[in-house]
Protein chains: 2
Amino acid sequence: MSESNQISADLDKRIDLDKVLQQVRVFAPATVANMICGFDILGFAVEAPGDEVTMRRVAQPGVRIVSIKGDDGRLPLDAAQNTVSACALQILSDLGLTEEFGVEIELVKHMPIGSGLGSSSASTVAGVFAINALLGSPLSKDELLPYCIAGEKLACGHGHADNVAPALMGGITLIRSYDPLDIISLPVPEGLCAGIVFPHVDVPTRDARQLIKERVLLKDAVVQWGNVAGLIAGLYRNDFELIGRSMQDVLIEPVRSILIPQFAEMKQIALENGALSFGISGSGPSVVAITRDQDQAATITRKIQEHLNQLEIDCNTYVSNVNQQGPRILD
Amino acid sequence: MSESNQISADLDKRIDLDKVLQQVRVFAPATVANMICGFDILGFAVEAPGDEVTMRRVAQPGVRIVSIKGDDGRLPLDAAQNTVSACALQILSDLGLTEEFGVEIELVKHMPIGSGLGSSSASTVAGVFAINALLGSPLSKDELLPYCIAGEKLACGHGHADNVAPALMGGITLIRSYDPLDIISLPVPEGLCAGIVFPHVDVPTRDARQLIKERVLLKDAVVQWGNVAGLIAGLYRNDFELIGRSMQDVLIEPVRSILIPQFAEMKQIALENGALSFGISGSGPSVVAITRDQDQAATITRKIQEHLNQLEIDCNTYVSNVNQQGPRILD
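Conventions adopted
- Chains are numbered independently. Their residues run from 1 in the order of the written sequence.
- Written order determines the labels here, with chains lettered from A and ligands numbered from 1.
- In keeping with the predicted nature of the model, local features appear solely for residues at pLDDT of at least 70, side-chain atom pairs appear and are counted solely at 80 or more, and the whole-chain, interface and lining totals rest on all residues.
- Each side-chain value is derived from all of the structure's non-hydrogen atoms; neither hydrogens nor water enter the calculation.
- Runs of H or I in DSSP of at least four residues are treated as helices and runs of E of at least two as strands, each being numbered from the N terminus.
- Our radius of gyration looks at C-alpha atoms and nothing else; its globule reference is 2.2 Å times the residue count to the power 0.38.
- Any pair of residues with heavy atoms lying within 4.5 Å of one another is described as a contacting pair.
- In this description, accessible areas are obtained by the Shrake-Rupley approach with a 1.4 Å probe, and a residue is regarded as covered only by the protein chains that are shown.
- We treat Lys and Arg as the positive residues and Asp and Glu as the negative residues; His and chain ends play no part in the count.
- A charge is said to be at NZ when it belongs to Lys, at CZ for Arg, at CG for Asp and at CD for Glu.
- The copies were overlaid with a least-squares fit restricted to C-alpha atoms from residues scoring a pLDDT of at least 70 in each copy.
- Note on pairing: DSSP must find at least two bridges between two strands before they are called paired.
- Angles run from 0 to 180 degrees between N-to-C directions of axes, and those axes are lines fitted to C-alpha atoms, restricted for helices to the stretch in contact.
- Any two cysteine sulfur atoms lying within 2.5 Å of each other are counted as a disulfide.
- In this scheme, a residue with accessible area under 20% of its type's maximum is buried, one over 50% is exposed, and one in between is partly exposed, where area comes from a 1.4 Å probe on protein chains only.
- The working definition used for a salt bridge is a side-chain nitrogen of Lys or Arg within 4 Å of a carboxyl oxygen of Asp or Glu.
- UniProt positions are given in the numbering used here, feature names are shortened, and annotations may be inferred rather than shown by experiment.
- A score between 0 and 100, pLDDT records how confident the predictor is in each residue.
- Helix crossings fall into two classes, left-handed where the near helix is turned counterclockwise from the far one by less than a right angle and right-handed where it is turned clockwise.
- Note on residue categories: nonpolar means Ala, Val, Leu, Ile, Met, Phe, Trp, Tyr, Cys or Pro, charged means Asp, Glu, Lys or Arg, and polar means any other residue, Gly included.
- By definition here, a helix of n residues has an expected span of 1.5 Å times n minus one.
- In this analysis, rings of Phe, Tyr and Trp, with Trp reduced to its six-membered ring, are considered paired at centre separations within 6.5 Å, and the interplanar angle assigns stacked below 30 degrees, edge-to-face beyond 60, and tilted for intermediate values.
- Accessible-area loss on putting two parts together, using a 1.4 Å probe and summing over both, is the definition of buried area adopted here.
- Pairing of N or O atoms within 3.5 Å defines a polar contact, subject to two protein rules: one partner must be a possible hydrogen donor and the other a possible acceptor, and residues neighboring in sequence count only if both atoms are side-chain atoms.

A few words now on the overall build of chain A. Across its full length, chain A carries 11 helices and 12 strands. For 331 residues, the compact-globule formula gives about 20 Å, and the C-alpha radius of gyration of chain A, at 20 Å, lands near that figure. Principal-axis analysis of the C-alpha atoms places the extent of chain A at approximately 60 × 40 × 35 Å. Sequence-distant contacts, at least 24 apart, represent 74% of the contacts inside chain A between residues at least 6 apart. For chain A, the accessible area works out to roughly 12,700 Å², and carbon and sulfur atoms hold 47% of it. If you average the places of the 26 positive and of the 40 negative side-chain charges in chain A, the two averages end up 2 Å apart.

Written out as structure tokens, the structure is:
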């Protein structure tokens, strides 16, 4: 881990050895970062896909990854390099347990890497939640979040929170500020649904970020924060129309969408079929249609899939309401 | 007027001659545009100061300004050039009443011009509200707003709505979008108060705008829209702490505050005395402390006034809760 996280001095007192589990299996969800208009500050969690982490207490001290499934061999098995094990190591270190506590980790990725759906965040959050659960949950979610952000930095090269915050907290989250970290949970209008399409084209997060210019026109920024404000108001007012007309991105989408084949055509299909809004999920290439209900999202993802398949572009599709829980213990 | 406003074709049918008044006197309030973090999109109305417009129906067709008080001779008496009369002319023209309806106007300015408190907007809104009231109120506030924006453009050279929208609508308003115009009324937390200081230094709106750079750093814009989002959430949550820490301006204040003598010292006085936030009102030189109650705002404005007076800088001070009504008929 590149950053140590200071936790309060009384923490070791919170560890109740009676509550330490032998094994825990945790699911953490994929996330849609940015929510189209809120670059780097907004995100929401979905029900599926997501990643699974199993942690098992063993006699030999230290943290070891024993298996990773579903990554096509792309993720490091080195405990210091993999975000899941590195976060566990850091937490054990901060708790003063490095010398005495041993953990074996199995990671099962159910979602594609580099999809724009917070793949590394899902693994990180599952891992952080799992080690905490194994220890009897001594840390609150607020206390776990800095570990997740440090894990994200290790995995992606930047410590953004717009995937890890919603993956950990569940629901729709606002990162009001990074320094100091200030996370606000926003209300989730009933029925609000995401229809997600992940086209099988490669757009690494780093490349997608490098496309974005360092400076933007102030007049475009004004449009963007008007839309951010409208989206927040729309969520509190339960106003789907306002949510829809606010979820427009005049700054990032015009640049990043160039990397996504058929973006304009997919957007047209979504809007013609009743989507409140359509845009890029995170840094792409996944795209997301925001709808009032699951039926609408299912229709849109099916029609986009048919369109892409005609052009011989494979894709995954997902339909999900907002996941209000975040990570959960499977067994 | 530089722009004609299309109103719906059935409008002439709405004029009920029995409801046409002989005379009306209207007050419209000053406004705090930007609300520190929301450049060009947010604003709120205050109880005082504000401007008064009296409109009197006369036999001779046309619109005439018969007197302006409190402007030190700075405002035009030419009916086509003064925003109050120009808006009245435009509304009468759109209603097809130019040939038959005569109006005399008296304008009393109770607030300084070029103060950053929406002086021209207060006059414009008072005038637009007055001509509508004189005609028996055929137009809704939503229909009146485009006239106010056109009047603001005539008076200031730009058609921003962050003063006229709150002056007309009352309360706290979000201009989500200018094209199409999309105004959202935001909740007003009970007690929220403004302590305003107008130091007697000259900062014309046009100069204050020209200081602002055309391009801004994206990373600063992200901070700004995080704060905008936090402020909107804070208003809905009735969360004064969140409101306070969100009302920070990293983009405009660093540039515009250079034009305002003693800005840093005034900010320090405000924050040391419990202000939730402190910043520039509109384009300045007025400054505003946002507080939880009137007592706090009164203390802060008094202390700032004492500080400025020691330096032989005169100022006006105002303490006001958010004005939820907007313009009102005095008699």
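Let us keep going from here.
Superposing chain B onto chain A takes a rotation of 180 degrees combined with a translation of 0.0 Å along the rotation axis, leaving an RMSD of 0.0 Å. Each copy turns onto its partner about a two-fold axis. In this assembly the copies share their binding face: 100% of the residues contributing to the interface of chain B also contribute to that of chain A.

Before going further, it helps to spend a moment on the sheet that holds strand 11 (residues 315-321) of chain B. Residue and element names in this part refer to chain B. What the 4 strands build is an open sheet, ordered 9-10-7-11; its pairing is antiparallel. The sheet is open, and its two borders are formed by strand 9 (277-280) and strand 11, each paired with just one other strand. Strand after strand, the sheet turns through a mean of 15 degrees between neighbouring axes, direction not considered. Contacts from helix 10 (residues 263-272) reach strand 9 and strand 10 (287-291), with the element oriented near 155 degrees to strand 9.

With that settled, consider the state of the cysteines. Among covalent bonds in proteins, the disulfide is the one between the sulfur atoms of two cysteines. Residues and elements named next belong to chain A. Going through the model one piece at a time under the given rule, you end up with 0 disulfides over all chains. Sulfur of cysteine 148: no disulfide; nearest cysteine sulfur belongs to cysteine 87 and is 6.2 Å away. With relative accessibility at 0%, the residue cysteine 148 sits in the buried group. Among the cysteines around cysteine 156, which has no disulfide bond, cysteine 87 carries the closest sulfur, lying 11 Å off.

All names here are of chain A. All told, the structure shown has 24 salt bridges over all chains when counted by the stated rule. Across the salt bridge formed by glutamate 106 and arginine 56, the nearest N and O atoms sit 2.7 Å from each other. Linking glutamate 106 in strand 4 (residues 102-109) with arginine 56 in strand 2 (residues 42-58), this pair joins segments that are 50 residues apart in sequence. Residue classification places glutamate 106 among the partly exposed positions, given a relative accessible area of 24%. Under the relative-accessibility criterion, arginine 56 is labelled partly exposed at 23%. A single salt-bridge network, built from bridges that share partners, covers Arg25, Glu52 and Asp331.

Here we come to the sheet that holds strand 11 (residues 315-321) of chain A. All names here are of chain A. One open sheet holds the 4 strands; their spatial order is 9-10-7-11, and the pairing between them is antiparallel. Taken across any chain shown, the strands that pair with only one partner, and hence form the sheet edges, are strand 9 (277-280) and strand 11. The mean angle between the axes of side-by-side strands here comes to 15 degrees, regardless of whether they run parallel or antiparallel. Where strand 9 lies against strand 10 (residues 287-291), 4 bridges are found, and the strand directions are antiparallel. Each residue of the ladder has a partner; that of phenylalanine 278, found in strand 10, is alanine 289.

Here we come to the UniProt feature "binding site: ATP" (unreviewed entry) in chain A. Residue and element names in this part refer to chain A. The positions UniProt marks with the feature "binding site: ATP" (unreviewed entry) are Pro112, Ile113, Gly114, Ser115, Gly116, Leu117, Gly118, Ser119, Ser120, Ser121 and Ala122. For glycine 118, the position within the fold is in the loop between strand 4 and helix 3 (119-134). With a relative accessible area of 10%, glycine 118 lands in the buried category. If near-sequence neighbours (up to four positions away) are discounted, glycine 118 is found in contact with Thr31, Met111 and Asn163. Mapped onto the elements, alanine 122 comes out in helix 3. Residue class for alanine 122 comes out buried when judged on its relative accessible area of 0%.

Summarising the model, chain A shows a mean pLDDT of 92, and 94% of its residues fall at 70 or more. Counting interchain partners and residues more than four positions distant, the pLDDT-below-50 stretch residues 1-6 of chain A has 19 contacts.

Okay, the packing of helix 2 (residues 83-94) of chain B against helix 3 (residues 119-134) of chain B next. Residues and elements named next belong to chain B. Contact geometry for helix 2 and helix 3: axes closest at 8 Å, N-to-C directions at 35 degrees. The chirality of how helix 2 crosses helix 3 is right-handed. Listed contacts from helix 3 to Thr83, Val84, Cys87, Ala88, Ile91 and Leu92 of helix 2 are Ser120, Ser123, Thr124, Gly127, Val128 and Ile131. In terms of residue class, the contact of helix 2 with helix 3 is made up of 7 nonpolar, 5 polar and no charged.

The next point concerns helix 3 of chain B. An α-helical turn contains 3.6 residues, so a residue and the one three or four places further along point in the same direction. All names here are of chain B. In this model helix 3 runs 23 Å from its N-terminal to its C-terminal C-alpha over 16 residues, within 8% of the 22 Å that 1.5 Å per residue would give. For helix 3, a buried count of 16 out of 16 residues is recorded, marking the element as mostly surrounded by other parts of the structure. Glycine 136 lies just past helix 3 and shows a positive phi near 90 degrees.

Residues and elements named next belong to chain A. Evaluated as defined, the whole model comprises 3 aromatic pairs over all chains. Summarising the aromatic geometry, the rings of phenylalanine 263 and phenylalanine 278 are spaced 5.6 Å apart at their centres and angled 50 degrees between planes, so their arrangement reads as tilted. With a gap of 15 residues between them, phenylalanine 263 in helix 10 (residues 263-272) and phenylalanine 278 in strand 9 connect regions that are remote in the sequence. Taking relative accessible area as the criterion, phenylalanine 263 reaches 6% and is therefore assigned buried.

With that settled, the discussion passes to unusual backbone geometry. Excluding glycine, residues mostly carry a negative phi; peptide bonds, for their part, are mostly trans. Here the bond from aspartate 179 of chain A into proline 180 of chain A is cis, since omega is 0 degrees, no more than 30 degrees from zero. Note that proline 180 of chain A resides in the loop between strand 5 (172-178) and strand 6 (181-186). Each neighbour pair has its own omega, and for glycine 284 of chain B with proline 285 of chain B the value is 5 degrees, a cis peptide bond. Of note in this structure, asparagine 34 of chain B is not a glycine but carries a positive phi near 80 degrees. Mapped onto the elements, asparagine 34 of chain B comes out in the loop between strand 1 (23-33) and strand 2 (42-58). One non-glycine residue, aspartate 72 of chain B, lies in the positive phi region at around 55 degrees. You can see aspartate 72 of chain B is positioned in the loop between strand 3 (62-69) and helix 2. Accessibility expressed as a relative area gives 73% for aspartate 72 of chain B, which makes it exposed.

Contacts between chain B and chain A engage 36 residues on the former and 36 residues on the latter. Both sides of the chain B and chain A interface together cover about 3,000 Å² of buried area, and 69% of this is carbon and sulfur. The largest share of the area that chain B buries against chain A comes from Arg176, Leu218 and Trp225 of chain B, three residues that together contribute 26% of it. Run the count over chain B and chain A and you get 2 salt bridges. The partner of arginine 245 of chain B in a salt bridge is aspartate 182 of chain A, with the nearest N and O atoms 2.6 Å apart. Remark: the boundary between chain B and chain A carries 11 residue pairs in polar contact (both at pLDDT 80 or more). Secondary-structure elements contributing two or more residues to the side of chain B that touches chain A are strand 5 (172-178), strand 6 (181-186), strand 8 (215-217), helix 7 (218-237) and helix 8 (240-246) of chain B. For the side of chain B that touches chain A, the element with the most residues is helix 7 of chain B, which contributes 14 residues. When its residues are assigned to classes, the side of chain B that touches chain A shows 20 nonpolar, 8 polar and 8 charged. When strand 8 (residues 215-217) of chain A meets strand 8 of chain B, the two strands line up antiparallel, connected through 3 bridges. When the bridges of strand 8 of chain B are listed, valine 216 of chain A appears paired with valine 216 of chain B.

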